[in-house]
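Next come the chains, spelled out residue by residue.
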Amino acid sequence: MNGTDYKILENKIIIRSRGRICETAEELISSELFREVLRLAVKNLLERESMLLGIFGKEWPNDKNLELLCRTLAFLCKMPGNLVPKVVEGSETFFEDIQLFDGFVEYLYNFWRSFDRFVVCTTEGTELDKRPYRTFNDTIETLAHLSRATYRDVRENITGRHPNIYRQVRAGAEIAAIAFPKTFTGLKAPYSNLNRMFVIRQILLYPPLVLNPPMNKRTGKFIRIDQNPLQHIRINEKEWMCYPAKVGELLMLICFHEKFYELGFSLCNLFELATENDLQRKPDAVYAFGVPGDALDNLAEFPTVFYDDSENDLLVAAAPGRNEFGYFGYLKKMVLTLHNIKMMKRGRLPFHGALVKVILQGGEEATILLIGDTGAGKSETLEAFRLLGEEHIRELIIIADDMGSLEIVDNNEIIGYGTETGAFLRLDDLQPGYAFGQIDRSIFMSPSQTNARIVLPVTTYEEVIRGYRIDYILYANNYEEVDEDHPLIEQFDTVESALHVFREGAVMSKGTTTTKGLVHSYFANIFGPPQYRALHEELALRYFTAFMSSGIFVGQIRTRLGIAGMEGNGPEMAAKELLQLIADKAIDNSGVC
């Protein structure tokens, strides 16, 4: 592979290409990467004392017979197995048990595919830059086709049989990116080293992807510190990648270490990738995710930290690269924390919730904001709402799935905005079949563990930043039973009563973090408001007063998602009540008796 190097890091294979990738089976098998994978595969078999090692006869695998095996496989790409011993001296040992040899090749193929595989193309200055699909065709598509074809040719020539069923599995890389070095506008020391980092310009992935990151829960909190974490970090640009994300209207440079490539590249299903025009302006925030070593450990009681660089009008965050931080939530939630802080400084009120616009069949419209902590039932209620309301709803537009902000405009209307174009959802809490209905675009994380998650696109960037007038603001209460004194949907009479419930932020934990039972978080949003509480209190009072005076329905909806046995029926019943409330209000507003 000319201009290509690779790295094997734990369960990842990272291929960096500055030119073409191998185009023939002989080139593939003679590559150093193939030989390294073969060595690792044989080492794994030795540890297991596998019977497949019988292909080497009475000898243990060594450099000499592994080289002989590579030559044998190269010839098996183009001639029947019974002829290979005539041209490759010593290879007859491999053919003493055809079934065993065939099993070894199948094992080697699956061993290669057991890695998370990435290709990073750095083709700046060539014609391929202007046509990304050609770059991807000449790299990831070629590698996938060549890997499958080589595997099939070798097995067919060993056994002399053609398979009856062909499965087009992902045999090459699972994710590819085109990335170039970029000099960012307005970044000076201590940010100068970011200008040497490769910045992602395009991404190609083959969903559905199934990833098993090191951790499946988030713990601790994001701590504001009084020193810039980047001053404590040495960044080796060869080990880092930058995903320039459009988070709402903000531009953030999300830099991730190769240890967490699978998490960093998954951002493409969550945040819009910035364009060249976007990169002409100064970024609003920088996040270094996956910092090697212990450089951050002495900066705070918990090493997920951020710094408010007021001199440069920049927020700077960092998180360690140890396995306990290898969870997508650390990546996503820190980004949203930085967003929320920026919004508060601009006079907007951030929210932790789901924001949707509903258009009924009769043409009536309503924009609904459900506020609540993780596991409160926001997404689950809206999904049930969508399914139940198909015959009544013309369109359901998702504006924000998790975070966003509110703005008071000149005419005293409350306008809502989102942040993400995708969603990071618990598989357990989705309606049956929902994840599989979206499987062709999804990234699954830790599917066999508690808190299994899915990352999938749910809306467009245009909808996220468009701005919608708010009609309903509801706190998602997942812990209270429903009775005469606690209806499914309850409207607050005063600003004080509303602020009390939202400020308490009570939720029955679903185990998505390390907390359990009934917990409280300030405004159900630990991502920014508690760190800037004085500023947030001032904004909250002003905004909730505006909510009431502008006629917005402010209340709480009891989803009961945290009550055993109500995980499905609770959000469904809440959704029915919400649909009825909107329909009734539409009738009232129309004046129909």
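Residues numbered from 1 in each chain as written. Predicted model: local features only at pLDDT ≥ 70, side-chain atom pairs only at ≥ 80, totals over all residues. Heavy atoms only, no water.

## Looking at the overall build of the protein
Under the convention used in this document: Numbering of helices and strands runs from the N terminus; a helix is a DSSP stretch of H or I covering at least four residues, while a strand is a stretch of E covering at least two. For the radius of gyration, the atoms used are the C-alpha atoms, and the globule rule reads 2.2 Å times the number of residues raised to 0.38. Contact between two residues is taken to exist if any of their heavy atoms lie within 4.5 Å; hydrogens are not considered. Each accessible area is a Shrake-Rupley estimate made with a 1.4 Å probe; only the visible protein chains count as cover when residues are assessed.
Looking only at helices and strands, one finds 14 helices and 27 strands in the protein. Against the compact-globule benchmark of 25 Å for 593 residues, the protein has a radius of gyration of 27 Å, which places it among compact chains. Projecting the C-alpha coordinates of the protein onto the three principal axes gives extents of approximately 90 × 55 × 45 Å. The long-range fraction of contacts in the protein, counting pairs at least 24 apart against all pairs at least 6 apart in sequence, stands at 75%. Just so you have it, the protein exposes about 24900 Å², and 48% of that area is on carbon and sulfur atoms.

## Quick notes on the sheet that holds strand β19 (residues 422-426)
To keep it simple, the criterion reads: Here the rule is simple: two strands pair whenever DSSP picks up at least two bridges between them. Axes here refer to lines fitted to C-alpha atoms; in helices the fit is confined to the stretch in contact. Angles between the N-to-C directions go from 0 to 180 degrees.
The mixed open sheet is built from four strands, whose spatial order is β6-β20-β21-β19. The open sheet is flanked by β6 (209-211) and β19, the only strands paired with a single partner. The sheet shows a mean angle of 20 degrees between the axes of neighbouring strands, direction not considered. Relative to strand β21 (residues 453-457), β19 runs antiparallel, the two being bridged by five bridges. Bridging across to β21, glycine 422 finds its partner in proline 457.

## Observations concerning the side chain of arginine 152
Note the threshold: Burial classes follow relative accessibility: with a 1.4 Å probe on protein chains only, a residue under 20% of its type's maximum area counts as buried, one over 50% as exposed, and anything between as partly exposed. Neither His nor the chain termini are counted; the positive set is Lys and Arg, and the negative set is Asp and Glu. Salt bridge, as used here: a side-chain nitrogen of Lys or Arg that lies within 4 Å of a carboxyl oxygen of Asp or Glu. Polar contacts, as counted here, are pairs of nitrogen or oxygen atoms within 3.5 Å of one another; within protein the pair requires one atom able to donate a hydrogen and one able to accept it, and residues that are adjacent in sequence qualify only if both atoms are side-chain atoms.
By secondary structure assignment, the location of arginine 152 is in helix α6 (residues 132-159). Buried charge without a salt bridge: arginine 152, with glutamate 156 as the nearest opposite-charge side chain at an N-O distance of 6.5 Å. For arginine 152, the side chain forms a polar contact with the side chain of glutamine 168, separated by 2.8 Å. Apart from residues lying up to four places away in sequence, arginine 152 is in contact with Tyr166, Arg167 and Gln168.

## Regarding the packing of aromatic side chains
Selection criterion: Under the pairing criterion, centres of Phe, Tyr and Trp rings, with the six-membered ring standing for Trp, must be within 6.5 Å; the plane angle then separates stacked pairs below 30 degrees from edge-to-face pairs above 60, leaving the rest tilted. Distance and angle both matter: a charge sits over a ring if NZ of Lys or CZ of Arg is within 6 Å of the ring centre and within 35 degrees of the ring normal.
Applying the stated criterion across every chain, the model contains 28 aromatic pairs. With a centroid separation of 5.3 Å and an interplanar angle of 90 degrees, the aromatic rings of phenylalanine 95 and phenylalanine 101 are classed as edge-to-face. For the pair shown, phenylalanine 95 and phenylalanine 101 are each scored as buried. Ring-pair connections join several aromatic residues into one group, and the members of that group are Tyr475, Phe492, Phe502, Tyr522, Phe523, Tyr543, Phe544 and Phe547. Lying over the aromatic face of tyrosine 417, arginine 348 brings its terminal NZ or CZ to 4.2 Å of the ring centre. Sitting above the plane of the tyrosine 522 ring, arginine 533 keeps its charged end 4.0 Å from the centroid.

## Examining a negative patch on the surface
Short version of the rule: Surface patches are drawn from residues lacking salt bridges whose relative accessible area is over 30%; two like charges belong together within 9 Å, two nonpolar side chains (Val, Leu, Ile, Met, Phe, Trp, Tyr) within 5 Å. Every charge is mapped to an atom, namely NZ of Lys, CZ of Arg, CG of Asp or CD of Glu.
Where like charges cluster on the molecular surface, the negative patch consists of Glu89, Glu92, Glu96 and Asp97. Structurally, aspartate 97 can be placed in the loop between α4 (84-87) and α5 (98-113).

## Thoughts on the nonpolar core
Note the cut-off: To qualify as a nonpolar core, a set must consist of buried Ala, Val, Leu, Ile, Met, Phe, Trp, Tyr and Cys residues joined through side-chain atoms within 4.5 Å.
Core analysis: the biggest nonpolar cluster contains 114 residues, and Leu406, Phe544 and Phe547 have the highest contact counts within it. It is helix α8 (residues 328-345) that contributes the most residues to this core, 10 residues altogether. Among all residues touching phenylalanine 544, those that are not within four sequence positions of it are Leu349, Val495, Ala498, Leu499, Phe502, Phe523 and Val554. Ile15, Ile55, Leu108 and Ile140 belong to the second-largest nonpolar core, a separate cluster that totals 55 residues.

## Some points on the pairing of strand β27 (residues 553-558)
Of all six residues in β27, six are buried; the element is thus mostly enclosed. Taking every second residue as pointing to the same face, both faces of β27 are buried, with Phe553, Gly555 and Ile557 on one and Val554, Gln556 and Arg558 on the other. Where strand β23 (residues 472-477) meets β27, six bridges bridge the pair, whose relative direction is parallel. Across the sheet, asparagine 477 pairs through a bridge with arginine 558, a residue of β27. The pairing of strand β24 (residues 489-491) with β27 spans three bridges and is classified as antiparallel. When the bridges of β27 are listed, glutamine 491 appears paired with glycine 555.

## Section: helix α12 (residues 495-504)
Stated formally: Here, the arc refers to the directions that run from the helix axis to the C-beta atoms.
When α12 is considered as a whole, its buried residues turn out to be Val495, Ala498, Leu499, Val501 and Phe502. For α12, the angular spread of buried residues about the axis comes to 165 degrees, placing them on one side. Packing partners of the buried residues in α12 comprise β15 (365-371), β23, α13 (533-549) and β27.

## A short note on empty space enclosed by the protein
Selection rule: Within this scheme a cavity is a closed region of a 1 Å grid, computed over the protein atoms alone, that accommodates a 1.4 Å probe without allowing it to escape, whereas a pocket is open but has protein on both sides within 12 Å along at least five of seven lines; lining residues each have an atom within 4 Å of a point. Grid points are joined across faces, edges and corners, and a volume is the space filled by probe spheres set on the points.
Counted by the stated rule, this structure contains three cavities of 30 Å³ or more. Of the voids in this model, the largest cavity is the one considered here, and its volume is about 320 Å³. Along the wall of the largest cavity there are 19 residues; nearest its centre are Leu28, Phe34, Leu108, Tyr109 and Trp112. Secondary-structure elements contributing two or more residues to the lining of the largest cavity are α1 (25-30), α2 (32-48), α5 and α6.

## Quick word on the confidence of the model for the protein
For clarity, the threshold we go by: Looking at any residue, its pLDDT shows the predictor's confidence there, from 0 to 100.
For the protein, the mean per-residue pLDDT works out to 89, and 93% of the residues sit at or above 70. Considering each helix and strand of the protein separately, the mean pLDDT is smallest for helix α10 (residues 434-437), with a value of 50, and largest for strand β18 (residues 414-418), with 98.

## Description of α8
Selection rule: The span one expects for a helix is its residue count, reduced by one, times 1.5 Å.
In this model, α8 (18 residues) spans 26 Å end to end at C-alpha, consistent with the 26 Å of a helix rising 1.5 Å per residue. Once α8 ends, the next one or two residues include glycine 347, with phi positive near 90 degrees.

## Digging into the packing of α2 against helix α3 (residues 63-76)
Heads up, the condition is: By the definition adopted for this analysis, an angle is roughly parallel if under 35 degrees, roughly antiparallel if over 145, roughly perpendicular if from 65 to 115, and oblique otherwise. For any helix crossing, the convention is left-handed if the near helix is rotated counterclockwise from the far helix by under a right angle, and right-handed if that rotation is clockwise. Three residue categories are used. Nonpolar comprises Ala, Val, Leu, Ile, Met, Phe, Trp, Tyr, Cys and Pro, charged comprises Asp, Glu, Lys and Arg, and polar comprises the others, including Gly.
One way to put it is that α2 packs onto α3 with a least axis distance of 11 Å and a crossing angle of 120 degrees. What the angle tells us is that α2 and α3 run oblique. The way α2 lies across α3 gives a crossing that is right-handed. Contacts between α2 and α3 involve Phe34, Arg35, Leu38, Arg39 and Val42 from the former and Leu66, Glu67, Leu69, Cys70 and Leu73 from the latter. Residues belonging to the contact of α2 with α3 are distributed by class as follows: seven nonpolar, no polar and three charged.

## Details of the pairing of strand β11 (residues 285-291)
The element β11 is largely enclosed, with a buried count of seven among its seven residues. With five bridges joining them, strand β9 (residues 250-257) and β11 adopt parallel strand pairing. Its bridge partner being in β11, leucine 253 is matched across the sheet by valine 286. Two strands pair when backbone bridges link them, and β11 and strand β13 (residues 314-320) are joined in this way by six bridges, in the parallel orientation. Residue tyrosine 287 lies in a different strand from β13, and its bridge partner there is alanine 317.

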